[in-house]
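Architecture at a glance
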Amino acid sequence: MTELRDILARHVGRGPLPGAVGLLAVRDRVEVAAVGSADVGGTVPMARDSIFRIASLTKPVVAAAVMMLVDDGRIALADPVAHWLPELASPSVVRTPAGPVADVVPAARPITVFDLLTSRAGVGFPADFSLPAVGLLFSELRQGPPQPQLVAPPDEWMAALAGIPLLHQPGEAWLYNTCSDIQGVLVARASGRPLPEFLAERLFEPLGMADTGFEVPAGKLGRFTGYYRTGPTGGAELVDTPDGQWSSRPAFPSGAGGLVSTADDLLAFARLLLADGVVPSASGPASGGAAGGRRLLSEESVRQMTTDHLTERQRAAGELFLEGQGWGFGGSVDVEAIDPWNVPGRYGWVGGTGTAAHLTPSTGVVSILLTQLEMAGPTPPALMRDVWRYAAGV
């Protein structure tokens, strides 16, 4: 506990980061440290149960929901998504990624469920955000930093998406973010239930993830952290208050970045994957009262989620910008041992709000870091690397 706390304290004490919660688990042994405060003013001490906007850590959760529907037999990985998402029935593709959005050709084949899960549907972010087709993702779909109250409802959002050409042919390239939002709409339409309700019933309640959702109820706002970015002078600049955009349910529950959660809730999800889809028997805060032994995902679904599905050509075409990593369903998979933190087979992801959660099936190690400072500054990435180094040596 002392070493993890010292790692967090070094970063919280030297820069704009107000506070952090770190958690490392090796099977039943859990080490947790909460340092600093939930706000810049220091009025609310950071705690183990502090609630954070987890941003892109939403992606693996929503991918798991898609795989639940696969396990149910409602959808299949090879199915064209147009059955549930008719807006994507006849997509067009820009002739060249840098070309004008009016210069398009028809898609060579339908977009499948597998394309969405692997972020290879042809729509999303490459490394170059200045491409004309990418610009429409910001202006028309409000892709980018999470702003839940500014995004249109799902049907309206899908109608706007239908008017944006794909950047690459389906299956050709890994592109970030947008496919996870589409997965959220797919879950709702294929299940006949709003995404928040589906996740609550099928995943959060069985796992005891009581503090995870797309909004923070009034009674929990006292545990909800502020949301900051590094300002021009190096200090923390407030982006959203606890009673701001996450205090009411958004019209569009973002499968790419809309959830809030806690360290123990994320540990419960990680343990589900480590247990091959079965709710593990556990005690203490991380169990949340969950009943162990219940199967939520098939073993094959967990294997698919945590396996790299990208070829070198798909990484290169999409300009995958993470060294030594590929992509599973909703998260990255380490494919090279890059000292000291990349461990082949490690699965997880990072969130733009300064969050990270990873699990390593071969060792049973889970590492979670939650901060409230956007990734645009240097502090959260440096802290993440130090936590990953520590986790690699556990």
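Before reading further, recall that the structure is shown in the block above.
Summary of the structure given here. (Residues numbered from 1 in each chain as written. Predicted model: local features only at pLDDT ≥ 70, side-chain atom pairs only at ≥ 80, totals over all residues. Heavy atoms only, no water.)

**Section: the pairing of strand β11 (residues 347-351)**
Counting buried positions along β11 gives five out of five residues, so the element sits mostly inside the fold. Side chains Y347, W349 and G351 of β11 all project onto a buried face; the interleaved residues G348 and V350 project onto the opposite face, where all are buried too. Summarising the sheet, strand β10 (residues 332-334) and β11 pair through two bridges and their orientation is antiparallel. From the neighbouring strand, S332 faces β11, where its bridge partner is G348. Between β11 and strand β12 (residues 355-360), which pair antiparallel in sequence order, lie three residues; one of them, G354, sits at a positive phi of approximately 85 degrees. (Buried < 20%, exposed > 50% of the residue type's maximum accessible area, 1.4 Å probe, protein only. Helix = DSSP H or I, 4+ residues; strand = E, 2+ residues; numbered from the N terminus. Pairing = 2+ DSSP bridges.)

**Observations concerning the nonpolar core**
Membership of the largest hydrophobic core comes to 89 residues, with the highest contact counts inside it found for L85, L203 and M305. Looking at this core, the element that brings in the most residues is helix α2 (residues 58-72), giving 10 residues. Membership of the second largest hydrophobic core comes to 23 residues, among which are I7, L8, A356 and W388. (Core = buried A, V, L, I, M, F, W, Y, C linked by side-chain atoms within 4.5 Å.)

**Side note on the packing of aromatic side chains**
Geometrically, a pair of aromatic rings is defined through the distance of the ring centres and the angle of the planes. Summed over all chains, the structure comprises 11 aromatic pairs. On the numbers, 4.8 Å between centres and 35 degrees between planes, the contact of W157 with F252 is tilted. With a gap of 95 residues between them, W157 in helix α5 (residues 154-162) and F252 in the loop between β7 (236-240) and β8 (260-261) connect regions that are remote in the sequence. By the burial criterion, W157 is buried, and F252 matches it. Following the ring pairs from residue to residue traces out a cluster consisting of W174, Y176, W327 and W349. The ring of W388 has R346 sitting right over it, with the charged end atom 5.0 Å from the ring centre. (Phe/Tyr/Trp six-rings, centres within 6.5 Å; stacked < 30°, edge-to-face > 60°. Lys NZ or Arg CZ within 6 Å of the ring centre and 35° of its normal.)

**A short note on the sheet that holds β11**
Taken together, the seven strands give an open sheet; going across it, the order is β2-β1-β13-β12-β11-β10-β9, and neighbouring strands pair in antiparallel fashion. In this open sheet, the two strands that pair with only one neighbour each are β2 (29-36) and β9 (325-327). Across this sheet, the average inter-strand angle for adjacent strands is 20 degrees, counted without regard to direction. Relative to strand β13 (residues 365-371), β12 is paired through six bridges, and the arrangement is antiparallel. (Axes fitted to C-alpha atoms, helices over the stretch in contact; angles between N-to-C directions.)

**Observations regarding the pairing of β12**
Counting buried positions along β12 gives six out of six residues, so the element sits mostly inside the fold. Burial along β12 is two-sided: the face carrying T355, A357 and L359 and the face carrying A356, H358 and T360 are both buried. For β11 and β12, the ladder comprises five bridges, and the chain directions are antiparallel. Within β12, the residue paired with W349 across the bridge is A357. Hairpin geometry of β12 and β13 is characterised by an intervening segment of four residues between the two adjacent antiparallel strands and by a positive phi of about 75 degrees at G364.

Distances and angles like these do not, on their own, reveal function.
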